[in-house]
Amino acid sequence: MIYLQTMRIATPCAIAKGEFNVYYQPRFDVRTLTPVSAEALVRWIPEPRLTPGAFIPEMERNGSIAELTALVMDTVCTDLRHLHSKLGFYPKISVNISPALFRDPSAVPRLAGIVALNGIKSSMIEMEITEGYVAIDVEAVIAAARRFSEAGFEIALDDFGTGMSSLHYLDVMPVSTIKIDRHFISGVGSRTTCDHIVSSMVRLARETGVMSVAEGVETIEQLKYIAGLGCDEAQGFLLARPMPFDDYLNFNLRYPQARQEEDQAQSRILLPQGY
Ligand code: C2E
Ligand code: CA
Ligand code: CA
């Protein structure tokens, strides 16, 4: 209780004090194993033991999630400009959007405004939408996703398969990507139900014309399994952990040759040393 009260006071102050930073976890093309995009994940730097899973729900309750998301978006845009100047291209970055924000009509124009002010095309950014930790109004989520899409952002359904409305969202939202939840990927090879669910989701993505991303890939066996299914992208500790921006930039700088060969590459493993 005291801990929660402390967080209630501490999280808005932490934003003002600039204590949050953005880490990046690369996503890889499963076919070529080259990094193609990354997910922006917030970190509370002086409190490394407090994971987003601990403080985001509190920020959704105390209302500071809107400020935090704006901060993450602004940081992502600054980092994208830096990446472009060093790499010559913009990797796609995905940003987590809390459903708590969908009740706020100013959220979409505010975030679209930040992107425009930074001179970044909104199509470079993918909004990851999940059912999250709060009780949500499904219709409000759908309406907000449509507004994000109209503003040019891509839409990914995060934690796909865990929420009550995953399939409904896929049916009625302008979705470009589904991210198959880590729970199902972790069961691949040991629970046949997970094998069947993951294989059905990859097929569903292909047949509905959206990209499939396997989240939380931790073993070679899981990677081989999803590769065999034709899953498009993989994200997980096996391939790369979330890292600070400078490390993410260096990580990308190690891949130019792989990038040029991407079209010819079929099944090579091109992971740089140390990852
Ligand atoms: P998520 O969106 O599902 O993000 C993926 C989480 O899984 C991240 O945890 C990442 O570090 C972790 N992960 C990635 N690969 C693996 C793996 O192979 N094994 C395991 N065990 N974990 C893996 P993180 O950074 O602690 O974030 C937790 C959750 O907090 C996120 O889940 C997301 O829902 C939320 N979150 C993080 N950053 C933000 C943000 O900027 N805004 C909002 N609204 N939510 C955020
Ligand atoms: Ca996510
Ligand atoms: Ca997820």
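Look a little higher up for the structure.
Note that the structure is a prediction, hence the values are computed from the model and not measured. (Residues numbered from 1 in each chain as written. Chains lettered and ligands numbered in written order. Predicted model: local features only at pLDDT ≥ 70, side-chain atom pairs only at ≥ 80, totals over all residues. Heavy atoms only, no water.)

**With respect to the nonpolar core**
In a soluble, globular protein the nonpolar side chains are often hidden away together inside. Val76, Ile125, Met127 and Ile226 are the most contacted members of the largest nonpolar core, which has 79 residues in total. Other than its neighbours up to four places away in sequence, Ile125 contacts Met73, Val76, Cys77, Leu80, Ile93, Val95, Val115, Ile120, Phe153 and Glu154. (Core = buried A, V, L, I, M, F, W, Y, C linked by side-chain atoms within 4.5 Å. Buried < 20%, exposed > 50% of the residue type's maximum accessible area, 1.4 Å probe, protein only. Contact = heavy atoms within 4.5 Å.)

**Focus on the pairing of strand E2 (residues 35-44)**
For E2, a buried count of eight out of ten residues is recorded, marking the element as mostly surrounded by other parts of the structure. Strand direction decides the pairing type here: strand E1 (residues 20-29) and E2, joined by nine bridges, are antiparallel. By the bridge assignment, Tyr23 is partnered in E2 with Leu41. The turn linking E1 back onto E2 is made up of five residues, and Leu33 within it adopts a positive phi angle of 55°. Sheet analysis places E2 next to strand E3 (residues 92-97), joined by four bridges and oriented parallel. Looking at E3, one finds that Ser37 is bridged to Lys92. (Helix = DSSP H or I, 4+ residues; strand = E, 2+ residues; numbered from the N terminus. Pairing = 2+ DSSP bridges.)

**Section: the site of ligand 1**
The local shell around ligand 1 holds 23 residues, among which Arg43, Asn96, Asp158, Glu218 and Phe237 are the closest. In the environment of ligand 1, a nitrogen atom lies 3.1 Å from a nitrogen or oxygen atom belonging to the side chain of Gln25. Glu218 has a polar side-chain atom sitting 2.5 Å from a nitrogen atom of ligand 1. If ligand 1 stood free it would expose 800 Å²; the protein chains cover 85% of that surface. For the shell around ligand 1, the elements supplying multiple residues, two or more each, are E2, helix H2 (52-62), helix H3 (65-87) and strand E5 (154-160). Per-element tally for the shell around ligand 1: the top contributor is E2, with four residues. For the shell around ligand 1, the class distribution of residues is ten nonpolar, six polar and seven charged. (Near = heavy atom within 4 Å. Polar contact = N/O pair within 3.5 Å; in protein donor to acceptor, adjacent residues only side chain to side chain. Areas by Shrake-Rupley, 256 points an atom, 1.4 Å probe, with all protein chains shown as cover. Nonpolar A, V, L, I, M, F, W, Y, C, P; charged D, E, K, R; others polar.)

**So, the coordination of the calcium ion (ligand 2)**
The coordination sphere of the calcium ion (ligand 2) contains the protein donors Glu39 (OE), Asn96 (OD1), Glu128 (OE) and Asp158 (OD), at a distance range of 2.2 to 2.3 Å. The metal-metal distance between the calcium ion (ligand 2) and the calcium ion (ligand 3) is 4.0 Å, with Asp158 serving as a donor to both. Pair noted here: Asn96 is in strand E3 and Asp158 is in strand E5, with a separation of 62 residues, a long-range link. We classify Asp158 as buried; its relative accessible area is 9%. (Donors = N, O, S within 2.8 Å, 3.2 Å for Na, K, Ca; no water.)

**Quick notes on unusual backbone geometry**
Positive phi outside glycine occurs at Leu33, with the angle close to 55°. Secondary-structure assignment places Leu33 in the loop between E1 and E2. Not every positive phi belongs to a glycine, and Asp159 is a case in point at roughly 50°. Checked against the element boundaries, Asp159 lands in strand E5.

**Describing the coordination of the calcium ion (ligand 3)**
The reference angle at a metal is 109.5 degrees if four donors form a tetrahedron and 90 or 180 degrees if six donors form an octahedron. Every protein donor of the calcium ion (ligand 3) is accounted for by Asp158 (OD), Asp159 (OD), Glu215 (OE) and Glu215 (OE), and the metal-donor separations fall at 2.2 to 2.5 Å. One chain supplies every donor to the calcium ion (ligand 3), and in sequence these donors are spaced D-D-x55-E. For Asp159, a relative accessible area of 22% translates into the label partly exposed.

**Some details on the packing of helix H8 (residues 192-208) against helix H9 (residues 220-229)**
The geometry of a pair of packed helices is captured by two quantities: the angle between their axes and the separation between those axes. Relative orientation of the contacting elements H8 and H9 amounts to 40°, with a least axis distance of 10 Å. Overall, the two elements H8 and H9 adopt an arrangement that is oblique. The two elements H8 and H9 cross, and the hand of that crossing is right-handed. Contacts between H8 and H9 involve Asp195, His196, Val198, Ser199, Val202 and Arg206 on the former and, on the latter, Tyr225, Ile226 and Leu229. For the contact of H8 with H9, the per-class residue count stands at five nonpolar, two polar and two charged. (Axes fitted to C-alpha atoms, helices over the stretch in contact; angles between N-to-C directions. Parallel < 35°, antiparallel > 145°, perpendicular 65-115°, else oblique. Left-handed = near helix turned anticlockwise from the far one by under 90°.)

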